[in-house]
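Report on the structure
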Number of protein chains: 2
Amino acid sequence: MSLKHTGKQTISLLSPPSVLGYAGVVGKKEGEGPLASVFDLVENDAFFGESSFEKAESRMLKRAMELALDKAGLAPSRVEYAFAGDLLNQCTASAFAVKGFKIPYFGLYGACSTMAEGLALAALTIDGGFADICSAASSSHFCSAERQYRFPLGYGGQRTPTAQWTVTGSGAVILGSDGPGPYITHVTPGRVIDTGITDANNMGAAMAPAACDTLAAHFEDLRTGPDRYDLIVTGDLGSIGASILTDMLRDRGFETAGRYNDCGLMIFDTASQDVHAGGSGCGCSAAVLCGHLLDCIRQGRWDRILFAGTGALMSPTSCQQGCSIPGICCAVSISKDRS
Amino acid sequence: MSLKHTGKQTISLLSPPSVLGYAGVVGKKEGEGPLASVFDLVENDAFFGESSFEKAESRMLKRAMELALDKAGLAPSRVEYAFAGDLLNQCTASAFAVKGFKIPYFGLYGACSTMAEGLALAALTIDGGFADICSAASSSHFCSAERQYRFPLGYGGQRTPTAQWTVTGSGAVILGSDGPGPYITHVTPGRVIDTGITDANNMGAAMAPAACDTLAAHFEDLRTGPDRYDLIVTGDLGSIGASILTDMLRDRGFETAGRYNDCGLMIFDTASQDVHAGGSGCGCSAAVLCGHLLDCIRQGRWDRILFAGTGALMSPTSCQQGCSIPGICCAVSISKDRS
């Protein structure tokens with residue numbers, strides 16, 4: 001049994017599951033960014049050889065899962081349960097990607113926090129003794145998201161300075177009960193927080209309060225602070241949201257200076273790549289995790305990070321109906337060692 | 001630790017979580033059907049007092065959670081993790097409903113199998129030792145689904161005989177580590193199965209192969225057959241899908257005659273209520289479970305049922321792009337006793 005049952009939001013895993021393999025697949029623009037060298041595959045064709053952007057996204061997610069399995073040296077049949085989700089209506093990128101693997105599937109929707117949500121549930125499933133090997137994956141595609149959430153691609157509408165750029169990317173992680181690490185040591189699922197932001201072009205501001213709520217709960221539950229971690233990384237608040245979060249955490253007594261970053265600010269060079277406030281989309285934190293972040297832990301640069309997926313839980317319809325934008329944040333501790 | 005780690009698809013829970021409370025809320029048409037007397041609330045106003053059908057659906061789901069908590073005698077703060085999902089784009093009915101409760105949230109997308117998926121994950125979270133109390137909930141609304149998936153409501157398009165009628169309904173279950181039952185004893189998460197059906201007005205045919213795959217795995221994993229259960233209930237295959245499933249299971253050597261039914265055939269009188277092949281939607285199996293099915297176990301009519309949520313994982317976009325419809329089925333054993 002776990003250390004849970006304390007009524008706290010954070011779950012401490014007694015037998016932290018290990019990352020067995022991971023892979024990130026991205027599009028051309030992401031392949032021109034600062035993390036270009038860490039991705040397993042950079043595809044210059046926005047269609048990924050398919051006939052639509054939606055099919056392209058599904059193909060990309062499938063490719064990430066295949067590569068992660070290859071790197072783990074595992075056949076798909078070894079994975080007992082797959083957790084995945086994406087931004088497309090009815091999460092079709094994930095469902096169509098997973099069907100080829102014949103792995104029992106749990107479909108998720110956590111908006112851009114989905115990679116963290118999947119990682120959390122996969123880790124709980126293993127630590128709970130229900131499986132030895134699970135996978136977690138997520139994706140987004142600029143073209144499928146843009147036309148679903150905003151405007152037809154050919155419209156060429158101008159973007160506001162607070163807008164973020166949906167990453168064309170996917171990441172997949174294979175977790176196992178036994179392995180060389182990195183390990184998933186703690187999970188803090190998040191509450192839905194809505195502070196009344198209604199601007200769908202400022203999702204960083206809508207998500208930052210949720211990130212603060214989850215991170216503060218995490219620190220308080222573990223009676224610790226930001227200095228427990230070499231890096232606290234949100235995905236994806238962008239520059240506006242990251243700045244708000246830093247202030248909000250400081251107000252709560254948590255100083256993150258020098259140890260905080262955001263996946264949306266890491267995947268692009270915001271100064272030169274015309275992405276305004278930074279990257280976003282389920283695939284952003286998934287690709288940054290499954291390339292840069294896990295690489296850096298394996299290479300010894302960091303011992304312990306807190307990966308905090310952030311999501312904006314609105315839809316185009318809810319925005320058109322004047323609803324404010326609820327945010328959520330799911331935090332997962334990833335460590336070189338099992339503690 | 002669980003009895004898992006056998007490489008089987010089915011998870012046997014060592015300490016089966018108990019249902020602590022449950023509630024079903026439905027609309028007018030469902031309140032005129034054969035199960036009218038079992039629902040906790042029948043709302044004749046399709047708007048549920050709100051200004052849009054989407055807000056109405058969210059209000060309905062929130063009401064189901066409130067009533068389930070009341071019946072369990074628990075404050076929302078006692079629920080450690082909430083699992084929920086629905087059919088609306090970006091699952092907004094669930095996110096907006098859950099935000100008022102301040103419960104850490106896992107958003108799900110399993111199409112019409114979401115209630116079973118949520119029940120499964122909530123049960124695993126408790127049996128894994130990560131929480132004492134969790135909730136699972138799901139919803140659908142005829143009006144929000146019809147205009148999102150098919151046609152504007154005022155269009156009045158004719159429906160094909162194989163079409164199903166999306167239920168306006170919601171169900172919520174509160175599960176706990178300790179309680180009087182019924183208990184969740186086994187979970188069989190399902191694989192994504194696609195046999196090439198492309199008719200979005202015949203989802204029963206698209207989902208039946210997935211139901212067969214999961215049910216056959218369940219019986220084989222437990223070295224048992226349909227006669228282990230007083231009732232095997234799918235949700236929602238409708239009349240076409242139910243008939244196909246019966247034949248497919250018979251071909252696999254599993255005879256379900258006399259002990260099989262489908263939530264879509266139970267919630268409406270298909271002969272008189274003009275619903276064609278029966279009810280569908282996340283809210284159909286959720287409302288039937290959280291009224292009729294759990295009532296009958298508590299009242300001693302059945303000792304043990306297998307609740308098999310079925311979902312069609314397409315989107316309007318995937319159908320318009322010519323993709324076939326993948327199906328999924330998640331099965332959950334619910335028993336009067338802990339065995």
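All values reported here derive from a predicted model rather than from experimental measurement.

Moving on, we get to unusual backbone geometry. The omega torsion of the bond from A:Gly235 to A:Asp236 falls at 10 degrees, within 30 degrees of zero and hence cis. Among the structural elements, A:Asp236 can be located in the loop between strand E10 (231-235) and helix H6 (238-251). With an omega of -5 degrees, the peptide bond between B:Gly181 and B:Pro182 qualifies as cis. Of note, B:Pro182 is situated in the loop between strand E8 (169-176) and strand E9 (183-188). A positive phi angle is found at A:Cys91, which is not glycine, with a value near 50 degrees. For A:Cys91, the position within the fold is in the loop between strand E4 (81-86) and helix H2 (92-98).

Moving on, we come to the pattern of salt bridges. A side chain with one charge may pair with a side chain of the opposite charge, provided their charged atoms come close. Residue and element names in this part refer to chain A. According to the stated counting rule, one finds 28 salt bridges over all chains in the structure shown. Residue Lys71 is joined to Asp40 by a salt bridge in which the shortest nitrogen-to-oxygen separation is 2.7 Å. Of the two residues, Lys71 sits in helix H1 (residues 53-72) while Asp40 sits in the loop between strand E2 (18-27) and strand E3 (41-43), which places them 31 residues apart along the sequence. For Lys71, a relative accessible area of 44% translates into the label partly exposed. Looking at Asp40, the relative accessible area reads 30%, which means it is partly exposed. One network of salt bridges, in which partners are shared, links Glu146, Arg150 and Arg159.

Another point: the relation of the copies chain B and chain A. Mapping chain B onto chain A calls for a rotation angle of 180 degrees and an axial translation of 0.0 Å; the resulting RMSD is 0.0 Å. On this basis, the relationship between the two copies can be described by a two-fold rotation axis. Both copies contact each other with a shared surface, as 100% of the interface residues of chain B are interface residues in chain A too.

What follows is about the interface of chain B and chain A. Listed as interface residues are 63 residues of chain B and, on the opposing side, 63 residues of chain A. Roughly 5,200 Å² is buried in total at the junction of chain B and chain A, and carbon and sulfur atoms are behind 63% of that figure. On the chain B side of the contact with chain A, B:Gln90, B:Phe106 and B:Phe130 bury the most area, a combined 15% of that side's loss. Between the two partners, chain B and chain A, sit two salt bridges. For the salt bridge of B:Lys99 with A:Asp194, the shortest nitrogen-to-oxygen distance reads 2.3 Å. Taken together, the links from chain B to chain A amount to 22 residue pairs in polar contact (both at pLDDT 80 or more).

Analysis parameters
Numbers given to residues run from 1 along each chain, matching the order in which its sequence is written. Think of it this way: whatever chain is written first is A, whatever ligand is written first is 1, and the rest follow in order. Since the coordinates come from a predicted model, pLDDT governs what is reported: local features require at least 70, and pairs of side-chain atoms require 80 or more to be given and counted, while whole-chain, interface and lining totals use all residues. Side-chain measures were taken over the full set of non-hydrogen atoms in the model, leaving aside hydrogen atoms and water. Strands are runs of DSSP state E lasting at least 2 residues, helices are runs of H or I lasting at least 4, and numbering of each runs from the N terminus. Here, a salt bridge means any side-chain nitrogen of Lys or Arg that lies within 4 Å of a carboxyl oxygen of Asp or Glu. Exposed residues in this analysis have more than 50% of their type's maximum accessible area, buried residues have under 20%, and partly exposed residues fall in between, with area computed by a 1.4 Å probe over protein chains only. Each copy is superposed on the other by least squares, with the fit set by C-alpha atoms of residues at a pLDDT of at least 70 in both. Contacts are residue-level and defined by heavy atoms, with any inter-residue pair within 4.5 Å sufficient. Once two parts are put together, the accessible area they lose, assessed with a 1.4 Å probe and summed over both, is termed the buried area. Polar contact is defined as a pair of N or O atoms within 3.5 Å, subject to the rule that within protein one atom must be able to donate a hydrogen and the other to accept it, and that residues adjacent in sequence are counted only when both atoms are side-chain atoms.

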